[in-house]
Structures are given as structure tokens and as C-alpha cells.
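Observations on the three-dimensional arrangement
What follows is the residue order along each chain.
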Number of protein chains: 2
Amino acid sequence: MPGEFEYIAWLRSQTPADPRVLIGPGDDCAAISPPTRALLVTTDMLMDGTDFVLSEVGPRRAGRKAMAVNLSDIAAMAGTPTAAVVSVALPRGKEPLPAELYLGLREVADAFGVALVGGDTNSWNGPLVISVTALGEATARGPVRRNGARPGDWLFVTGPLGGSILGHHLDFTPRVREALLLHEAVKLRAMLDISDGLAADLNHICEESACGAVLVAEAIPISDTAQLLGCTSGKTPLQHALGDGEDFELVFAVSPQDGEKLLREPPIPGLAKIGECVESGLWLKERGVSTPLAPTGWVHSL
Amino acid sequence: MPGEFEYIAWLRSQTPADPRVLIGPGDDCAAISPPTRALLVTTDMLMDGTDFVLSEVGPRRAGRKAMAVNLSDIAAMAGTPTAAVVSVALPRGKEPLPAELYLGLREVADAFGVALVGGDTNSWNGPLVISVTALGEATARGPVRRNGARPGDWLFVTGPLGGSILGHHLDFTPRVREALLLHEAVKLRAMLDISDGLAADLNHICEESACGAVLVAEAIPISDTAQLLGCTSGKTPLQHALGDGEDFELVFAVSPQDGEKLLREPPIPGLAKIGECVESGLWLKERGVSTPLAPTGWVHSL
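Attention in this report is confined to the structure presented alongside it. (Residues numbered from 1 in each chain as written. Chains lettered and ligands numbered in written order. Predicted model: local features only at pLDDT ≥ 70, side-chain atom pairs only at ≥ 80, totals over all residues. Heavy atoms only, no water.)

**Some points on the packing of aromatic side chains**
Enumeration according to the criterion identifies five aromatic pairs over all chains in this entry. Across the ring face of Trp154(B), the terminal group of Lys273(B) is positioned such that the distance to the ring centre comes to 3.7 Å. (Phe/Tyr/Trp six-rings, centres within 6.5 Å; stacked < 30°, edge-to-face > 60°. Lys NZ or Arg CZ within 6 Å of the ring centre and 35° of its normal.)

Written out as C-alpha cells, the structure reads:
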């Protein structure tokens, strides 16, 4: 690749003017207009061989994913993403990589009005590492945490689950707009984005909220790719939907009244009620019978 | 190391309450009270084998450096650092590493009142990679950029230069307080922290400000380690002071009036006037004779 300074000059030439950005790439820091509400911050690091296989997916899709997983975390708080910085360790001697990577990052950032305000570009002899930090702003209703679910709450998910390894984990759309629409329509009591898997992430909500949950097997939306994987993987499509990671759909808890409102007038397509919060434990109800559900997605017979 | 979740639980137990931090580690995002002035953002990624040699320096010093280089960037804008997030790729199977690394990060963060509000912890079979994003706030006088120097301005540096490879690049103190005191005392027209080397970084100021600079050889404060290195390196101590990177002292330009004020009543110890801005070119004046100075720190004889 050209030298760091040439690359930075190119990046600067690619950065559109943005009234919120007081100082963009090229100085020691970026400077942004202060948000009026709580500032949200999240960071995620992706490594070649762990989060993607660069030789298979290419730098553009890797860049897409690196930005999208961060915006998904902003979505999980029902915030509005505003800006991001990116630091990278680039494998030496792979010429089109930096530009392609940047275009992938920009593609997702642009789709959500996120300004790429700065970064740190390094080369080394190791694999590609991309670390994105995304900034956002809470809405007037405040950020949605993981700890507000209560027994009796209804649990929803924003889309079909499982099998993301076949490509969805690279090409998903972070549920930023969906989260904002939901947050406007009802009071979201607890929410997160599914990165570890439905059962594991629901378990996070239960632990933080000090409650339990029952999932209804027949109600869980199963993706086509989970169905496909189920033909050969030795797991059922339901097990994929419960245990596979990186769906990046949102799972959230609302009061039964708000749950009924969501069923009556869904503010977004694809919403599914998948269960309810209970006093304790993580359970799967299948054909009316509840069995303990491990956070890994495995069902223990009683 | 223990699992990611155990590590995160430990991190949370180590995080002191901070009134500015609305939501700390453990949720999808951190949430911080919005700053009242321009929000500063900077990110720097450090890699084992490039920015430090882990087997020689250990994780604690690596952590120190990772935080300090980011706070140095906030200092370079004369901002107040407020919060940071850290993402890491940890080499597998090195037990005390994560905790030691965190303690190093915390040591520097605590020294500057910076809240560690979140992060992303990964393990892999590659070398240690640490990416820190620091947030800060501009003062009422605004952030100091690189582009405000003018011909006739005086150039200053906050401390002795050169030879940081012998240890200073790991153990330096970011010049956060010094920058704030200087910014209060005078109008800083352009500033940055010396990471690439005095000549290279001064060249950045010249390029951004569309001016030149003359450095006075006899006025450049040379560190003891640059003197020491000069005994064996084949370079003079002055060449080390001009060309070595990672001093993390600040170099800045002020009007001659403000320069005189700084000499009369220095708000911080260690200040040295090292030259002046001119119309164009980068020059070194030695015994009264000016010769072109390369951004690498090499002097070209005319």
C-alpha cells in the first residue's frame, strides 16, 4: 500500500463535509458538536480468522461487518449513531485492501448517516484487525438497557434467527431504524442485539434484570439458512435459531399492554412474540411442555 | 484466561462509580453525560512487535502506553480527556496478561481522571493488539489544531527530545496538564504531540498551516538518552532529537508577543523556544547557517 500519509490524504479527500463534524480526519483528534442527550459509546474489534475469513469474504465485506456490528450495539440501546473512528492493522503488501476496506466501512456508515471522523492506520505482518468505535446519542426516552425486564413481560424478536454463518453475519442490516421506531411506539424495558445467540443473549437480559424467561419453540422465527443448515449439521433448525450467534436481530422485553399494542399495530415488519419473562430460570416450551434451556441453546430433558 | 464473561464481570467490579458515567461496562454501549463543548475523539491501535515487544516490556507497560498515546492526542488539541473504551485481541493462554494489561490502562486513565467505560475483549492465536479510543472535551478556548501557524510565529517544545526507544516511549506522561496550562496562558495557534519525530511533526504543522519553519540547533533540548544513544548509534544526539519518534512532548506555535510572555512567565517547567515559522521550507540553523532539514530529521548540506 502507499505510505500512511498518502492513505490518510486519500481518506480525507473521501470524507464529505458534515455540519456536525467540527474537525475531521487528519488532526490529532476529531472534534464533533456535543450531543444534546446522553452520549453512547461502543467498540468492537474484528480479526481475520475469527470474525471473518479475509481470503473468502474480501476486505469490503469485512469492513461492512466491522461497522455494522458497532451500529448494531447502538441500535441495541435504541440510540441514533452519529460518528465512528476506525483503527486498523493491515497485512503488508495487499494493495487494494485499504481502499476496499474503507469503502465497506463507508457503505454502512453512509446508510445510517454516520460520519467517519478519524482513525489510526497501521501495517504489520499479522492478519487484518479492524477496531471500530461508534458514537451515538440517546433519544428523549433514554437509552434502553439490559436490566429492565420483569416477570410477566413479553419477549419479542425483530426477525428470523439461525444460520448466520452462511453469510448473514457479514451482510446484515443493523436494526437502528427498527429500534428507534419501536422505542417511539412503546416503552422498551430491556433490549440487546443477538450476537452470542438467542438463548445466550436472553440469558444476559435475565441475569441483568434478575428474572427468568420462557421461550415458545413454535413462535421462534427460524431463518431459511437455519432450515438449510439443519439438513446437514446434525442440529435441528430450532437449535440453530436458539444457539447460533451473530443474527444481529434485536430481542426485547415490553409490558403485556405494550406487547398487545405491538401485535395490533406493528411499527416494523418481521416482529415476533417469542415468549415471556418469568421469575427465574431459562426455559423452552415445546408443545406445551417446558424444559430447561441452556444459554448455549441446548435443551436439557428433565 | 477465564472466559470473556468472567473477565467482563471482573472489569465491572474494578470500575469505580463516576457521576459522568450513566452506563458503564457490561451493556451494549456505555452512556456518558454529554459534554458542554466540542467532543474530541481519537483512536490509536498498538501491536506487539510494532509498538512494544510484549516479551520484554510486559502487559502492564503495554497497557500504560496504549492509554498514554491516546491521551497525548487529546493533549495535542489542548483538550480535557474524559473517557475511554478499549478493545483487545489477547494471545491465548497467557493467564495474568488481561488483568495486568487492564491495570496498566487504568493506571494512566486514573492519573488523568479518565473513566474506562467499556470495551471489547477477544482472544486469538495472534500477537497482542490493543485499540483505545479516548474521548475528551475542548476548553472554552476551543481545540488547538495543526493549521493555525503563521510566518513569524515562535515555536516551542515542552521537553527534551530523542532516544525514547530506550524506555520513554513506554513510560512518558502525556502532556495533558501542560497543554491546558499553556492554552490558558496564551493563544496556541498550532500544536501537536511528537510521535513521528520533531522534524516530521513540525513538517505536518507547516503543511497544514501552509508555512515553513526554521529550527535553531543549539536551542533544541536534547534528552539524556539521546546523548547516550549518540555514543554508539552513529548519529549525533541532535539527529536523535530531530528524527526519533514517540517523544510525546508537544510542539506548538504562538505569536512573538505570546512567545515573549511564555519566556518571561513560563506556565510550566521545561519549555524551550526552538525556532520560528517562516514563509516556506523546513530549515535547521546551526551556528547561524541555515540548511534544508528533511522531515526524517536528516540535514542536507547545501
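**A closer look at helix H2 (residues 54-76) of chain B**
All names here are of chain B. For H2, which comprises 23 residues, the first-to-last C-alpha distance of 27 Å sits more than 12% below the rise-based estimate of 33 Å (1.5 Å per residue). Along its length, H2 reaches its greatest deviation from straightness, about 65 degrees, at Arg-60. Across the 23 residues that make up H2, a large majority, 19, are buried. Phi turns positive, to about 55 degrees, at Ala-78, one or two residues after H2. (Helix = DSSP H or I, 4+ residues; strand = E, 2+ residues; numbered from the N terminus. Expected span 1.5 Å × (residues − 1). Bend = angle between axes of the 7 residues up to and from the residue. Buried < 20%, exposed > 50% of the residue type's maximum accessible area, 1.4 Å probe, protein only.)

**Here we look at the pairing of strand S3 (residues 39-47) of chain B**
Burial within S3(B) is extensive, with nine of its nine residues counted as buried. A two-sided burial pattern is seen for S3(B), the buried positions comprising Leu39(B), Val41(B), Thr43(B), Met45(B) and Met47(B) on one face and Leu40(B), Thr42(B), Asp44(B) and Leu46(B) on the other. Across three bridges, strand S2 (residues 30-32) of chain A lies against S3(B) in antiparallel orientation. Each residue of the ladder has a partner; that of Ala31(A), found in S3(B), is Leu40(B). With nine bridges joining them, S3(B) and strand S6 (residues 129-138) of chain B adopt antiparallel strand pairing. Its bridge partner being in S6(B), Val41(B) is matched across the sheet by Leu135(B). (Pairing = 2+ DSSP bridges.)

**Re the relation of the copies chain A and chain B**
The operation relating chain A to chain B is a screw motion whose rotation component is 180 degrees, with 0.0 Å of axial translation and a residual RMSD of 0.0 Å. What we have between these two chains is a two-fold relation. Comparing interface residues between copies, 100% of those in chain A also lie at the interface in chain B; the contact surface is shared. (Least-squares fit on C-alpha atoms with pLDDT ≥ 70 in both. Contact = heavy atoms within 4.5 Å.)

**Remarks on the sheet that holds strand S1 (residues 21-23) of chain B**
The six strands are arranged S5(A)-S4(A)-S6(A)-S3(A)-S2(B)-S1(B) in an open sheet whose pairing can be described as mixed. Looking at the sheet topology across the chains shown, the edges are occupied by strand S5 (115-124) of chain A together with S1 of chain B. Direction aside, the axes of adjacent strands within the sheet are offset by 25 degrees on average. Note that S1(B) and strand S2 (residues 30-32) of chain B share two bridges and pair antiparallel. When the sheet's bridge partners are listed, Ile23(B) is paired in S2(B) with Ala31(B). Packed onto the sheet, helix H3 (residues 97-111) of chain A meets strand S4 (79-91), S5 and strand S6 (129-138) of chain A and runs at close to 170 degrees relative to S4(A). (Axes fitted to C-alpha atoms, helices over the stretch in contact; angles between N-to-C directions.)

**Describing the pairing of strand S10 (residues 250-254) of chain B**
Residue and element names in this part refer to chain B. Counting buried positions along S10 yields five of five residues, so the element is predominantly enclosed. Burial along S10 is two-sided: the residues Leu-250, Phe-252 and Val-254 and Val-251 and Ala-253 are all buried. Sheet analysis places strand S7 (residues 154-157) next to S10, joined by four bridges and oriented antiparallel. Bridge assignment links Leu-155 to a residue of S10, and that residue is Ala-253. Across four bridges, strand S8 (residues 190-193) lies against S10 in antiparallel orientation. Bridged to Asp-193 within S10 is Leu-250.

Read these as spatial facts, not as claims about activity.
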